[in-house]
Amino acid sequence: MKKRNFLLGKGERLTKSVQISSSGGPKVHPYTFGEAKDRLEVMLNKVVSQIEELPSNACPDDLAIVTIILNPEYIAKSYFPKELLRDAGLEAVGSRPRQIKPHKRTRDREPRNSLSTEIFVKGTRKQFVAWSKKFPHLDEASKTDLQIREIEEISFPTSDKKLKNIPQNGERIVYEIVLHLDEESAEARYLGLFKQYLLSHKINASFERRFYAGGLCFVGLEAPVKLAKEIAQFSLVRVVRAMPKLRLLRPNLRYGTLVSGTKVILPSNGPLDPNIKVAIFDGGIPENHPLTQWATPYDFPGMTTPDIELLEHGVAVTSAFLFGHINPKENVSIPFCSVDHYRVIDSAPGQNSFELYEVLNRINNVITTKRYDFINLSLGPRLPIDDEEVHAWTAVLDEYLSDGSTLATVAVGNDGDGDPSIQANRIQVPADCVNALSIGACDVPDENWQRATYSSVGPGRSPGLIKPDLVDFGGCDARPFLTLDVNGQNILIQMAGTSFSSPSVLRIGAGVRAHFGTALNSLAIKTLLIHCCETTTIPAAEVGWGRVARSIDDIVLCEDHVMRVVYQGSITASKYIRVPIPLPSGILNGIIKIKATICYATSVDPRHPDNYTRSGLDVFFRPNFTKFSNGAAYPQTKPFFSKTQKSNTPLTEEELRSDNWKWENCLHATTRFRGTTLNEPFFDIHYNARFEGHNDTSPQKIQYAIVITVEAPSINNLYDLVVRKYATQLEALKPVIDIPISPR
């Protein structure tokens, strides 16, 4: 029997905490203190005049919101002007990215359009008046007052600026309104004051459907189109937009049954691992359908008779998770695990104006009361992601996934052939979840694959630019995706769509869990799926990091000249850990290829889309522990996780300069070295924390997973050499269930 080199685990036993000091040079400022004061005083006086003109009932408890735009050279978290705002009695309640042309840049460079940060600042109108009166007396000797040099503009967000996608025709619509309110203050007082304000405009609101996430309140409201500006005038309103429609990811193509009508024989036993907990939220499964041998259907109280097309979609998605793309010429594989299928849609999409919130509420009720190892979503709002705003669906799901204990796959949508000039082809909410795997579709299951033309494209929001994360076969005209039929006759239906590639990827993740049991957590499995994907020269905006591995063996087995190891652990904010790369002792011959992937789960700030992830990593690769630069305290570093990573897209100067890349919670790269240049190489990893866009020094930890593969064609026994050297630390992960699986 051929020797099998299994994936190595317990890499975290090699890591250790280290102390590293760092410092930067003095900051060069675009404006002198005097220039900044003269410019901003005029702006602030104008803003005060505008907010004093607001109706009193539009300013609950006299509160108003003003925006402060930072000069593009001050967008790093260390420059957040929190002391300046605190001294004025003001509070930052959100932010968003903003393209501006600054009046001035440092070193006399020509001003041009640049990415910056617009901060929403809350205070009473009296506090803003007091700040304007104090402004002429600001003192350059005050470190706090000096922070005005960071500000490019102070302005007032008028009603027009708060409106998005409001139709010009029609008498009444359902609005989605986002307010700067947390749950405690909203429930205690401010939602009631908002209702009173709306009633003064003859709008009767109940707000029965609402969600809270990260300091924002999302509510649905039906009202006349002509009153949109009046609704937006309420000071705590951030955005007013037309309520998006629910987008069940209906098959992009539906061909009907196979011409031959051939039935498939389903396995009679299974699942292989009954302990794995999986949830699919979709259109439902008929009672007594053959899939119920492995899938438990759930409905919610009060739901009507399910629509046959929704059931067809629910059956197809569940079939894709249990069996993948079914090849009628092969035996159907035993499912790795069972699944709970929740029918979350009550009627055909589009019939209920508030269905978007009702569906999210059903999903939220499940995930907040029951913990799952894996979940799949092949539905969501019919809404391309918006760089300036985080949607309720994304915020709610990211919050649930922020502890890293659940692996979620989300279909990116089937609008990839939409108009790119208006970003209609961009990935759709909630595929911008940074803590989920966003899945697109490729056109064939074998070689020479491309992005399926319908598969929505990235980039994602920054941070989270590499979206989709992965692609898998989703079907096309020439090669449909085959699933079971809704009528329970075990006849194959021909489909195409990201609805099916998404659960197919989740299936591989569940297979890895079944193979190794609890030795690998969900975050490690997510990291392995990205790490072991098939690379390509296709731009990341189309296919992410690549196509998911064709078989579980491609993930869990190593050839003799290859070593792959998994690290699972936690890191404390503001601390460093050192992550050694296991290599044989002595001089290494030939070219050594090192591939590394780092994923971590992070809390998020939905009201700060430009500072959305609250955790970030600085990663320094040191290839030779004995090689130092002159006078340096630490070994030399070499580039590894570069800013260009896999994007295959030229980056702007702002993207290259921005520190946003350190806040991406998935890093993945491959680099080649001459073996003679490597001497006990390692990564030094520093955990940065931020909250609401500025430094967060509170004690906290994040969970991380790292996978490193070393490939050395000149060392034909590399795996064995590493295993012997680290015999007391690393462990080959032994399967608890043997999974015979053929290439997909």
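The text that follows walks through the structure, step by step, so that each part is easy to find. What you are looking at is a predicted structure, and each value in this text was computed from that prediction instead of being measured.

## Details of the sheet that holds strand β22 (residues 470-473)
So, point 1. With parallel pairing, seven strands are arranged side by side in an open sheet as β16-β17-β15-β18-β20-β21-β22. If you trace the sheet from one side to the other, it starts and ends with β16 (295-298) and β22, each paired once. Each strand of the sheet is rotated relative to its neighbour by a mean of 25°, with strand direction disregarded.
So, point 2. Bridge count between strand β15 (residues 278-282) and strand β18 (residues 374-377): four bridges; the pairing is parallel. If you follow Phe281 over to β18, its bridge partner there is Leu377.
So, point 3. Strand contacts of helix α7 (residues 308-323): β15, β16, β17 (339-343) and β18, with the helix running at about 155° to β15, the strand carrying the most contacts.

## Some remarks on empty space enclosed by the protein
So, point 1. Using the criterion set out here, one finds four cavities of 30 Å³ or more in the structure.
So, point 2. What lines the largest cavity is Val434, Gly464, Ile466, Lys467, Asp469, Lys526, Trp545, Glu664, Asn665 and Cys666.
So, point 3. For the lining of the largest cavity, a count of residues per class yields four nonpolar, two polar and four charged.
So, point 4. In this model, the second largest cavity occupies a volume close to 50 Å³.
So, point 5. The wall of the second largest cavity is formed by Gly404, Thr406, Leu407, Asn435, Ser522, Leu523, Lys526, Tyr600 and Ala601.
So, point 6. Of the residues assigned to the lining of the second largest cavity, the class counts are four nonpolar, four polar and one charged.

## A short note on the sheet that holds strand β9 (residues 172-179)
So, point 1. The five strands lie next to each other as β8-β12-β9-β11-β10, forming an open sheet whose pairing is mixed. Edge positions in the sheet fall to β8 (163-164) and β10 (210-213), since each has one partner strand and no second.
So, point 2. Relative to strand β12 (residues 237-242), β9 runs antiparallel, the two being bridged by five bridges. By the bridge assignment for β12, Ile177 is matched with Val240.
So, point 3. Strands β9, β10, β11 (216-224) and β12 of the sheet are contacted by helix α5 (residues 183-199), whose axis makes an angle of about 135° with β10.

Quick notes on the rules
Residues numbered from 1 in each chain as written. Predicted model: local features only at pLDDT ≥ 70, side-chain atom pairs only at ≥ 80, totals over all residues. Heavy atoms only, no water. Pairing = 2+ DSSP bridges. Helix = DSSP H or I, 4+ residues; strand = E, 2+ residues; numbered from the N terminus. Axes fitted to C-alpha atoms, helices over the stretch in contact; angles between N-to-C directions. Contact = heavy atoms within 4.5 Å. 1 Å grid on protein atoms, 1.4 Å probe; cavity = no way out; pocket = protein on both sides within 12 Å on 5 of 7 lines; lining within 4 Å. Points joined across faces, edges and corners; volume = space filled by probe spheres on them. Nonpolar A, V, L, I, M, F, W, Y, C, P; charged D, E, K, R; others polar.

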